[in-house]
Amino acid sequence: MTWNIITHVGSTSAAAPLSDFNPRKTIEIRVDTPGTPAPEFRSNTMYNDLRHFTPTFTAPMLELMTAATAAYTADVRVPRTAAYDSWTRELHLHLGVSSASRWSQARETLQKLLAFLTGDHWTVSVTEIGELPQPQMPTPRRLTRVTPEKVALFSGGLDSFVGALDLLAEGTSTVLCGHYGRGGPTGIAQHTAINALRSHTGQNVPYIRYSIGARGGGNRASEITTRGRSMIFLATGALTAEALGARTLVVPENGFISLNVPLTPARVGSFSTKTTHPHLMNLFQTLLQQLGINVVLEAPYRFKTKGEVLRDSLDPAGVQVALEATMSCAHPGASRFVTNEAHQHCGYCFPCLIRRAAVPHSDPTKYWLSPNASLSGTKAGDVRAVQVALARRVHRDVSMFDVLKPGPLPPEHRAAFVALYNRGLDELSAMLGSVP
């Protein structure tokens, strides 16, 4: 059965009449709407950090942000267990816009992007409701004027830290931006990382964070896969760039994890994340162009493994700081029941394995389980998957068809991606000599 996701911004009309749909399968996404019920999102919270930088908002960008927050909310609210196959959901996003003609092509691109990202069946409808109201934010006591050349995503992870180091080493005027939900380890990791970056570089690098988390509690379902979170990162990055007059959004992620080739058949399709996959990036770039948003995506590490990102950094001393101050783990809270540290690398998830493989010697990262720990049960799942992929490569060379499993790739870059995937497996192979 189809779930209807209906946006409603400010005092404008809802994108579709709620009474037309089954209320049990309808989610209204309210942004700055007056009265009761309270809005799901408030701009004074979402854009709290941005308000200090004299931002300029355009209608297409505000509409894209509304679409991103609605899609993200639907992703965490609609349970996959309710789907016909207990995974693939039918989702219809109703989006209110100021110009339906502007969205004539963009609507189809957004459908493709969301379907690729979450693995669900998406339909996007647009309704012309007039100009969206500008976000209502308190006037800051002091304004900060910046004219960045580039905006870079900053997640609190190792790649984004090194990406910031390289931009600053080049002398590029840069603003960093990130996203977090409601509390949790993400916010802690981001604060730790940005403080370490500023301390190391001696620069008070502007850092804008967006608090965008679907409200929980009550009868609201909570779906833990959250593939749609990637849309929030890209949308807030584009919003920051356009609002501050930058023309480039840097997405610093190593190419091996971006490809995310499924290590086993069980990880094919939407069971494998596509956060910065080249096809997703291309779709998002197309979406920006169709909406008239003049921001260009830049992926500087698209053809590099994580080890290569670290070795090629323009600031080697900063890399050592990054290793101590960043968080790469897929579930950093897993250690809280057996250690005194609530947020620590587990050492056995796939992102931890890639991080360990990238730093074969003198790694200062604190892992909950030591490299020589005996793994069993679910803790051994990712290690075994890597071992399966390495064993398969012994009998059959990696081919173009392997790297195409997660999604389409430009024909002119396929050979480079095959070589990249091989080098990433080489790093893991070298590391696994110390992993049972």
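Computed from a predicted model, the values in this text were never measured in an experiment.

Brief notes about the sheet that holds strand β5 (residues 150-153)
Here is step 1: The strand order across the open sheet built from five strands is β7-β6-β5-β8-β9, with neighbouring strands paired in parallel fashion. Looking along the sheet, the strands with just one partner apiece sit at the ends: β7 (207-211) and β9 (296-298). Strand-to-strand twist across the sheet, computed as the mean angle between neighbouring axes with direction ignored, equals 25 degrees.
Here is step 2: Taken together, the three bridges between strand β8 (residues 248-250) and β9 define a ladder with parallel strand orientation. Counterpart to Val-250 in the pairing with β9 is Glu-298.

Structural notes on the sheet that holds strand β2 (residues 26-31)
Here is step 1: Strand order in the open sheet formed by four strands is β2-β1-β3-β4, and the pairing between neighbours is parallel. Unpaired on one side and paired on the other, β2 and β4 (121-128) mark the two borders of the sheet. For this sheet, the mean inter-axis angle between neighbouring strands, taken without regard to orientation, is 20 degrees.
Here is step 2: Pairing of strand β1 (residues 2-9) with β2, which is carried by six bridges, proceeds in the parallel orientation. Following the sheet pairing, Ile-5 is matched in β2 by Ile-27.
Here is step 3: Its contacts with the sheet put helix α3 (residues 103-118) on β3 (90-97) and β4, and the angle it makes with β4 is roughly 150 degrees.

Focus: the nonpolar core
Here is step 1: Core analysis: the biggest nonpolar cluster contains 70 residues, and Leu-50, Leu-64, Leu-93, Leu-110, Met-231, Phe-284 and Leu-287 have the highest contact counts within it.
Here is step 2: No other element matches helix α2 (residues 59-77), which puts 11 residues into this core.
Here is step 3: In terms of nonpolar packing, the next biggest core, distinct from the first, is built from 26 residues, Leu-176, Ala-193, Val-309 and Val-319 among them.

Section: the packing of helix α12 (residues 381-395) against helix α14 (residues 414-431)
Here is step 1: Viewed as axis vectors pointing N to C, α12 and α14 meet at an angle of 120 degrees, and their least axial separation amounts to 11 Å. Classified by chirality, the crossing of α14 by α12 is left-handed. In contact with Val-386, Ala-389, Leu-390 and Arg-393 of α12, α14 contributes Tyr-421, Asn-422, Leu-425, Asp-426, Leu-428 and Ser-429.
Here is step 2: Here the residues of the contact of α12 with α14 sort into six nonpolar, two polar and two charged.

Considerations on the pairing of strand β6 (residues 174-180)
Here is step 1: Of all seven residues in β6, six are buried, a share of seventy percent or more.
Here is step 2: Summarising the sheet, β5 and β6 pair through four bridges and their orientation is parallel. Bridging across to β6, Val-151 finds its partner in Val-175.
Here is step 3: In terms of handedness, the path from β5 via helix α4 (residues 158-169) over to β6 forms a crossover that is right-handed.
Here is step 4: Inspection of the sheet shows β6 paired to β7 by five bridges, in the parallel sense. Its bridge partner being in β7, His-179 is matched across the sheet by Tyr-210.

Focus on the side chain of Arg-355
Here is step 1: Position of Arg-355 relative to the elements: it lies in helix α11 (residues 350-358).
Here is step 2: Within the buried set, Arg-355 has no salt-bridge partner at all; the shortest N-O distance to an opposite charge, 5.1 Å, is to Asp-363.
Here is step 3: A polar contact is formed between the side chain of Arg-355 and the side chain of Thr-326, at a distance of 3.1 Å.

What about the side chain of Asp-402?
Here is step 1: Among the structural elements, Asp-402 can be located in helix α13 (residues 400-403).
Here is step 2: The exposure class assigned to Asp-402 is buried, which follows from its relative accessible area of 6%.
Here is step 3: In this structure, Asp-402 is in contact with Val-261, Arg-396 and Asp-397, ignoring residues within four places of it in sequence.

Here's the deal with α2
Here is step 1: Between the first and last C-alpha of α2 there are 27 Å, a value that for 19 residues agrees with the 27 Å anticipated at 1.5 Å per step.
Here is step 2: Counting buried residues in α2 gives 19 out of 19 residues, a clear majority hidden from the surface.

Let's talk about unusual backbone geometry
Here is step 1: A cis amide bond links Thr-36 with the next residue in sequence, Pro-37, at an omega value of 5 degrees.
Here is step 2: Looking at the element boundaries, Pro-37 is found in the loop between β2 and α1 (43-46).
Here is step 3: Even without being a glycine, Asp-32 presents a positive backbone phi close to 60 degrees.
Here is step 4: Turning to its location among the elements, Asp-32 is positioned in the loop between β2 and α1.
Here is step 5: Asp-32 sits in the partly exposed class, given a relative accessible area of 26%.
Here is step 6: Within the chain, Ser-86 stands out as a residue other than glycine whose phi angle is a positive 65 degrees.

Conventions adopted
- Residues numbered from 1 in each chain as written.
- Predicted model: local features only at pLDDT ≥ 70, side-chain atom pairs only at ≥ 80, totals over all residues.
- Heavy atoms only, no water.
- Pairing = 2+ DSSP bridges.
- Helix = DSSP H or I, 4+ residues; strand = E, 2+ residues; numbered from the N terminus.
- Axes fitted to C-alpha atoms, helices over the stretch in contact; angles between N-to-C directions.
- Contact = heavy atoms within 4.5 Å.
- Core = buried A, V, L, I, M, F, W, Y, C linked by side-chain atoms within 4.5 Å.
- Buried < 20%, exposed > 50% of the residue type's maximum accessible area, 1.4 Å probe, protein only.
- Left-handed = near helix turned anticlockwise from the far one by under 90°.
- Nonpolar A, V, L, I, M, F, W, Y, C, P; charged D, E, K, R; others polar.
- Right-handed = clockwise from strand over helix to strand, strands pointing away.
- Lys, Arg positive; Asp, Glu negative; His and termini not counted.
- Salt bridge = Lys/Arg side-chain N within 4 Å of Asp/Glu carboxyl O.
- Polar contact = N/O pair within 3.5 Å; in protein donor to acceptor, adjacent residues only side chain to side chain.
- Expected span 1.5 Å × (residues − 1).

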